[in-house]
Amino acid sequence: MTDRETEGARWLRQAQQDMDDAEFLREGARFNLACFLGQQAAEKAVKAFLYHRGAEDVWGHSLSDLCEDAKLFEMFFDTIKSEARQLDKYYEITRYPSFLPGGIPAEAFDRDDSDRAIELAGVVVEFVRERVR
């Protein structure tokens, strides 16, 4: 395995751990954090693909932007960009009260939100997994 493949595999392992942790948090009714970890899992998965393909400048948190970067290597990333874009909204609003007009993130999300975030993240993680095998 090359260094770039090893780095990609390392990031994909962490993406899977984030998926597992998101499910754990959902079951513990920590819905905002489950949503955030769904976003993180998808972000790390796309970064895994980029590292696997030899990208050197892998940065940022926007899944939409990362999918655009990944499209340079494989155009099919356009097919998951809409799912990835939906996860972008969970990056900050799930953690910082300043992004909400009232209340706190811990009170603003419910099981349905976390179910959707985990579902979308699973689509992205599996899409990447199929491409780095």
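Residues numbered from 1 in each chain as written. Predicted model: local features only at pLDDT ≥ 70, side-chain atom pairs only at ≥ 80, totals over all residues. Heavy atoms only, no water.

**Description of the overall build of the protein**
Next, step 1: A tally of regular secondary structure across the protein gives six helices and zero strands.
Next, step 2: Against the compact-globule benchmark of 14 Å for 133 residues, the protein has a radius of gyration of 15 Å, which places it among compact chains.
Next, step 3: Seen through its principal axes, the protein has C-alpha atoms that stretch 45 × 25 × 20 Å.
Next, step 4: Put simply, the protein has 133 residues, and 45% of those count as buried.
Next, step 5: Contacts in the protein between residues at least 24 apart in sequence constitute 64% of all its contacts with a sequence separation of at least 6.
Next, step 6: For the protein, the exposed surface amounts to about 7200 Å²; the carbon and sulfur share of it is 50%. (Helix = DSSP H or I, 4+ residues; strand = E, 2+ residues; numbered from the N terminus. Rg over C-alpha atoms; globule rule 2.2 N^0.38 Å. Buried < 20%, exposed > 50% of the residue type's maximum accessible area, 1.4 Å probe, protein only. Contact = heavy atoms within 4.5 Å. Areas by Shrake-Rupley, 256 points an atom, 1.4 Å probe, with all protein chains shown as cover.)

**So, the nonpolar core**
Next, step 1: Counting residues in each nonpolar core, the largest one holds 40 residues, and the members touching the most others are Leu12, Val46, Leu50, Phe77, Leu87 and Val128.
Next, step 2: If you list the elements that add at least two residues to this core, you get helix H1 (3-27), helix H2 (31-52), helix H3 (63-71), helix H4 (81-88) and helix H6 (111-132).
Next, step 3: Of the residues forming this core, the biggest block, 13 residues, is contributed by H2.
Next, step 4: Those residues in contact with Leu50, other than ones at most four positions away along the chain, are Ala55, Val58, Leu66, Asp69, Ala70 and Phe73. (Core = buried A, V, L, I, M, F, W, Y, C linked by side-chain atoms within 4.5 Å.)

**What to know about the packing of aromatic side chains**
Next, step 1: What the rule picks out here adds up to seven aromatic pairs.
Next, step 2: When the ring of Phe36 is compared with that of Tyr91, the centres are 6.1 Å apart and the planes differ by 45°; the resulting orientation is tilted. With a gap of 55 residues between them, Phe36 in helix H2 and Tyr91 in the loop between H4 and helix H5 (105-108) connect regions that are remote in the sequence. In this structure, Phe36 and Tyr91 share a single accessibility class: buried.
Next, step 3: One aromatic cluster is present, formed by Phe49, Phe73, Phe77 and Phe127 through successive ring pairs. (Phe/Tyr/Trp six-rings, centres within 6.5 Å; stacked < 30°, edge-to-face > 60°.)

**Overview of H4**
Next, step 1: Listed as buried for H4 are Lys81, Ala84 and Leu87. Relative to the axis of H4, the buried residues are bounded by an arc of 120° and lie together on one face.
Next, step 2: Looking at the buried positions of H4, the neighbouring elements they touch are H2, H3 and H6. (Arc of directions from axis to C-beta.)

**Observations regarding the packing of H3 against H4**
Next, step 1: The contact between H3 and H4 brings their axes to 7 Å, and the two run at 150°. By the angle class used here, H3 and H4 are roughly antiparallel. Counting all contacts with H3, which are made through Leu63, Ser64, Cys67 and Glu68, the residues of H4 involved are Lys81, Ala84, Arg85, Leu87 and Asp88.
Next, step 2: Looking at the contact of H3 with H4, its residues break down into four nonpolar, one polar and four charged. (Axes fitted to C-alpha atoms, helices over the stretch in contact; angles between N-to-C directions. Parallel < 35°, antiparallel > 145°, perpendicular 65-115°, else oblique. Nonpolar A, V, L, I, M, F, W, Y, C, P; charged D, E, K, R; others polar.)

**A word on the confidence of the model for the protein**
Next, step 1: The predicted model of the protein averages 95 in pLDDT, with 100% of residues at 70 or higher.
Next, step 2: The secondary-structure element of the protein with the lowest mean pLDDT is H4, recorded at 92, while H2 shows the highest, at 98. (pLDDT = per-residue confidence, 0-100.)

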